[in-house]
Amino acid sequence: MSGLPVYRWRLAPPGYATVRQLRAKGLRPGGQDVAAVLERPRRHRGPLVAYLYRVDRAKPVRPMTPARWAALAKANAAQQVCPNCQRVAGYRIPTSLGMCVACAYPEEQCAA
């Protein structure tokens with residue numbers, strides 16, 4: 001990343017944008033390399049860094065196809081099935097627990 005222009009926070013010239021700013025405009029980096037770096041200084045730690053891409057080289061976001069919608073729905077549904085009891089929890093299973101709340105804390109479910 002050496003040789004890239006470095007700009008201070010909020011002082012980047014027009015024509016550059018972060019990935020989130022590109023997405024808000026309906027664009028994506030499209031395989032281009034990072035064009036510049038944006039740094040925000042902090043007092044007792046290293047600076048916050050954001051990577052900038054050229055807007056004129058950005059490509060439009062690919063539209064969601066029916067197959068992509070189906071794959072996304074399948075992935076979301078899989079995250080709601082408890083691997084312990086195989087029931088649909090109705091919410092996304094927390095990765096910290098690895099199972100539904102009823103399986104993780106069975107003694108609290110009996111008391112309720």
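Scoring rules and cut-offs
- Residues numbered from 1 in each chain as written.
- Predicted model: local features only at pLDDT ≥ 70, side-chain atom pairs only at ≥ 80, totals over all residues.
- Heavy atoms only, no water.
- Pairing = 2+ DSSP bridges.
- Helix = DSSP H or I, 4+ residues; strand = E, 2+ residues; numbered from the N terminus.
- Core = buried A, V, L, I, M, F, W, Y, C linked by side-chain atoms within 4.5 Å.
- Buried < 20%, exposed > 50% of the residue type's maximum accessible area, 1.4 Å probe, protein only.
- Contact = heavy atoms within 4.5 Å.
- Patch = residues over 30% accessible without salt bridge, like charges linked within 9 Å, V, L, I, M, F, W, Y side chains within 5 Å.
- Areas by Shrake-Rupley, 256 points an atom, 1.4 Å probe, with all protein chains shown as cover.
- Salt bridge = Lys/Arg side-chain N within 4 Å of Asp/Glu carboxyl O.
- Phe/Tyr/Trp six-rings, centres within 6.5 Å; stacked < 30°, edge-to-face > 60°.
- Lys NZ or Arg CZ within 6 Å of the ring centre and 35° of its normal.

**A closer look at the pairing of strand E5 (residues 48-54)**
Here is step 1 of the chain: Note: strand E2 (residues 16-17) against E5, 2 bridges, orientation antiparallel. Paired with Ala17 across the two strands is Tyr53, which belongs to E5.
Here is step 2 of the chain: Two elements, strand E4 (residues 36-40) and E5, share 5 bridges in a ladder whose sense is antiparallel. Pairing of Ala36 across the sheet is with Leu52, part of E5.

**Considerations on the pairing of E4**
Here is step 1 of the chain: Where strand E1 (residues 6-8) lies against E4, 3 bridges are found, and the strand directions are parallel. Residue pairing across strands places Val6 opposite Val37, the latter belonging to E4.

**Considering the nonpolar core**
Here is step 1 of the chain: Of all hydrophobic cores here, the largest spans 6 residues; its members are Ala17, Leu22, Leu27, Val34, Tyr53 and Ala58.
Here is step 2 of the chain: Apart from residues lying up to four places away in sequence, Leu27 is in contact with Leu22, Val55, Ala58, Lys59, Pro60 and Val61.

**Regarding the sheet that holds E1**
Strands in a sheet are paired, the pairing made by backbone hydrogen bonds, and the direction either parallel or antiparallel.
Here is step 1 of the chain: Read across the open sheet, the 4 strands follow the order E1-E4-E5-E2; overall the sheet is mixed. Because the sheet does not close on itself, it has two edges, and the strands there are E1 and E2.

**With respect to a nonpolar patch on the surface**
Here is step 1 of the chain: Side chains of Met64, Trp69 and Leu72 sit close together on the surface and give an oily, nonpolar patch of about 310 Å² of accessible area.
Here is step 2 of the chain: Position of Trp69 relative to the elements: it lies in helix H2 (residues 66-78).

**Here's the deal with the pattern of salt bridges**
Here is step 1 of the chain: Under the defined criterion, the tally for this structure stands at 1 salt bridge.
Here is step 2 of the chain: The salt bridge involving Arg54 is made with Asp56; its shortest N-O contact spans 2.7 Å.
Here is step 3 of the chain: Among the residues examined, Asp56 registers a relative accessible area of 58% and is labelled exposed.

**Concerning the environment of Arg54**
Here is step 1 of the chain: When you line up the elements, Arg54 lands in strand E5.
Here is step 2 of the chain: Exposure remark for Arg54: the relative accessible area of 26% places this residue in the partly exposed category.
Here is step 3 of the chain: Each C-alpha atom, one on Arg54 and one on Gly31, is 11 Å from the other, the two residues being 23 residues apart in sequence.
Here is step 4 of the chain: In this structure, Arg54 is in contact with Gly15, Tyr16, Gln32 and Ala35, ignoring residues within four places of it in sequence.

**As for unusual backbone geometry**
Here is step 1 of the chain: With phi around 65°, Arg10 is a residue other than glycine that occupies positive phi space.
Here is step 2 of the chain: With respect to the secondary-structure elements, Arg10 resides in the loop between E1 and E2.
Here is step 3 of the chain: Positive phi is not limited to glycine here, since Gln86 has a value of about 65°.
Here is step 4 of the chain: Tracing the sequence through the fold places Gln86 in the loop between H2 and helix H3 (101-104).

**Notes on the packing of aromatic side chains**
Here is step 1 of the chain: Across all of its chains, the model carries 1 aromatic pair by this definition.
Here is step 2 of the chain: For the cation-ring pair, Arg40 lies above Trp9, with the distance from its terminal atom to the ring centre recorded as 5.6 Å.

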